[in-house]
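# Inside the fold
Single-letter residue listing:
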Amino acid sequence: MVASDTPQDRPAKTDRYHHGNLPDALRESAAEVLAERGVSGFSLREVARRAEVSHAAPAHHFGDARGLLTAVAVEAFQHLVTETEAAVASADGAVDALAKLGRAYVTVSIEHPGHCAVVFDADAVDAEDPAYAEWGTRAFGVLVGAIERLAREENPDLDVELAAFLCWSMVQGLVDIHGPVQKMAAKRGTTLSEIPDLAESFTHLLIAGLVGHPPAGR
């Protein structure tokens, strides 16, 4: 049922609107819809219903569905930057930094499934949006910085840009296939490790190739 647009039916969200928080509420509702229904099941009408506002409210703030989805994608990159920067900062050496970065990446995908469902969907988001471009570049920059450190400490001949794309592709691929593969494993009577553990293990395997030998201590 579509929620009523009358003020008495939605006092909490009306208060949020007057305090300037309606865009946040709309992004939150959009992420919920994406987590449950994916991009194919996304609609502004459903976002408005969950936020308990008029059907025109999302378009008023974000222009159209593409604008709102792009805003959610920007938040995905912001979450990614926050978590990966913290992971790298807490690491002991270049190898540990890259392994922790991989774990942080998949942790974001677990904690923010709706955001991550749309972040790389070229048909759904506006890749030319300045905020999307800025935060996407920052997210990739954290990974590049970690690999530059690895190159300095382990392999000065490493192609940093290529290695960064390889690492990102590997971890994003793990995020994409983990669920289906886990179901296949269950049918065979086996189980997979938790995805953060797999991400860290895979990253160590990849690092061995990037530096040309198994990392020290592994």
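Above: the structure in question.
Being a predicted model, the structure only gives us computed values, none of them experimental.

Mapped onto the elements, Glu28 comes out in helix H2 (residues 22–37). Counting along the chain gives 19 residues from Glu28 to Val47, while the straight-line C-alpha distance between them is 8.8 Å.

We now examine unusual backbone geometry. In this structure, Glu52 takes a positive phi of about 60° despite not being glycine. Relative to the helices and strands, Glu52 is located in the loop between helix H3 (44–51) and helix H4 (57–62).

Turning our attention to the pattern of salt bridges. According to the stated counting rule, one finds 10 salt bridges in the structure shown. As a salt-bridge pair, Glu46 and Arg37 come within 3.7 Å of each other at their nearest N and O atoms. With relative accessibility at 41%, the residue Arg37 sits in the partly exposed group. Among the ionic pairs, Arg49 bridges to Glu46, the shortest N-O distance being 2.8 Å. Here Glu46 and Arg49 lie together in helix H3, a separation of three residues that amounts to about one turn. For Arg49, a relative accessible area of 29% puts it in the partly exposed group. Owing to a relative accessible area of 8%, Glu46 belongs among the buried residues under this scheme.

Our next topic: a nonpolar patch on the surface. On the surface, Ile177, Val181 and Met184 cluster together into a nonpolar patch covering about 270 Å² of accessible area. By the element assignment, Ile177 lies in helix H9 (residues 160–187).

Once that is clear, we can look at the packing of helix H5 (residues 65–89) against helix H6 (residues 94–111). As a packed pair, H5 and H6 sit with axes 8 Å apart at the nearest point and diverge in direction by 150°. Between H5 and H6, the angle is such that the two are roughly antiparallel. For the pair H5 and H6, the sense of crossing is right-handed. Counting all contacts with H5, which are made through His79, Leu80, Glu83, Thr84, Ala87 and Val88, the residues of H6 involved are Ala97, Lys100, Leu101, Ala104, Tyr105 and Val108. Of the residues in the contact of H5 with H6, the class split is eight nonpolar, two polar and two charged.

Turning our attention to the packing of H6 against helix H10 (residues 195–211). Helices that pack against each other are described as a pair by the angle of their axes relative to one another and the distance between those axes. Where H6 contacts H10, the axes come no closer than 8 Å and their chain directions differ by 145°. Judged by the sense of rotation from one axis to the other, the crossing of H6 with H10 is right-handed. Residues Val95, Leu98, Ala99, Gly102, Arg103, Val106, Thr107 and Ile110 of H6 form the contact with H10, whose participating residues are Ile195, Pro196, Asp197, Ala199, Glu200, Thr203, His204 and Ile207. Taken together, the residues of the contact of H6 with H10 sort by class into nine nonpolar, four polar and three charged.

In this section: the packing of aromatic side chains. Taken as a whole, this structure holds six aromatic pairs when the rule is applied. Judged by centre distance (5.8 Å) and plane angle (75°), the ring pair of Phe77 and Phe120 falls under edge-to-face. Pair noted here: Phe77 is in helix H5 and Phe120 is in the loop between helix H7 (113–118) and helix H8 (130–154), with a separation of 43 residues, a long-range link. On the accessibility criterion, Phe77 (3% relative accessible area) is buried. Taken together, a centroid distance of 4.9 Å and an interplanar angle of 35° make the contact between Phe140 and Phe165 tilted. Pair noted here: Phe140 is in helix H8 and Phe165 is in helix H9, with a separation of 25 residues, a long-range link. With relative accessibility at 46%, the residue Phe165 sits in the partly exposed group.

The subject of this paragraph is the nonpolar core. By size, the foremost hydrophobic cluster in this structure holds 61 residues, and its most contacted members are Phe42, Leu143, Ile147 and Leu150. Contributing elements (two or more residues each) for this core: H2, H3, H4, H5, H6, H8, H9 and H10. Broken down by element, the residue count for this core peaks at 11 residues, all from H8. With sequence-adjacent residues up to four places away left out, Leu143 is seen in contact with Leu98, Leu101, Ala164, Cys167 and Trp168.

What counts and how
Residues numbered from 1 in each chain as written. Predicted model: local features only at pLDDT ≥ 70, side-chain atom pairs only at ≥ 80, totals over all residues. Heavy atoms only, no water. Helix = DSSP H or I, 4+ residues; strand = E, 2+ residues; numbered from the N terminus. Salt bridge = Lys/Arg side-chain N within 4 Å of Asp/Glu carboxyl O. Buried < 20%, exposed > 50% of the residue type's maximum accessible area, 1.4 Å probe, protein only. Patch = residues over 30% accessible without salt bridge, like charges linked within 9 Å, V, L, I, M, F, W, Y side chains within 5 Å. Areas by Shrake-Rupley, 256 points an atom, 1.4 Å probe, with all protein chains shown as cover. Axes fitted to C-alpha atoms, helices over the stretch in contact; angles between N-to-C directions. Parallel < 35°, antiparallel > 145°, perpendicular 65-115°, else oblique. Left-handed = near helix turned anticlockwise from the far one by under 90°. Contact = heavy atoms within 4.5 Å. Nonpolar A, V, L, I, M, F, W, Y, C, P; charged D, E, K, R; others polar. Phe/Tyr/Trp six-rings, centres within 6.5 Å; stacked < 30°, edge-to-face > 60°. Core = buried A, V, L, I, M, F, W, Y, C linked by side-chain atoms within 4.5 Å.

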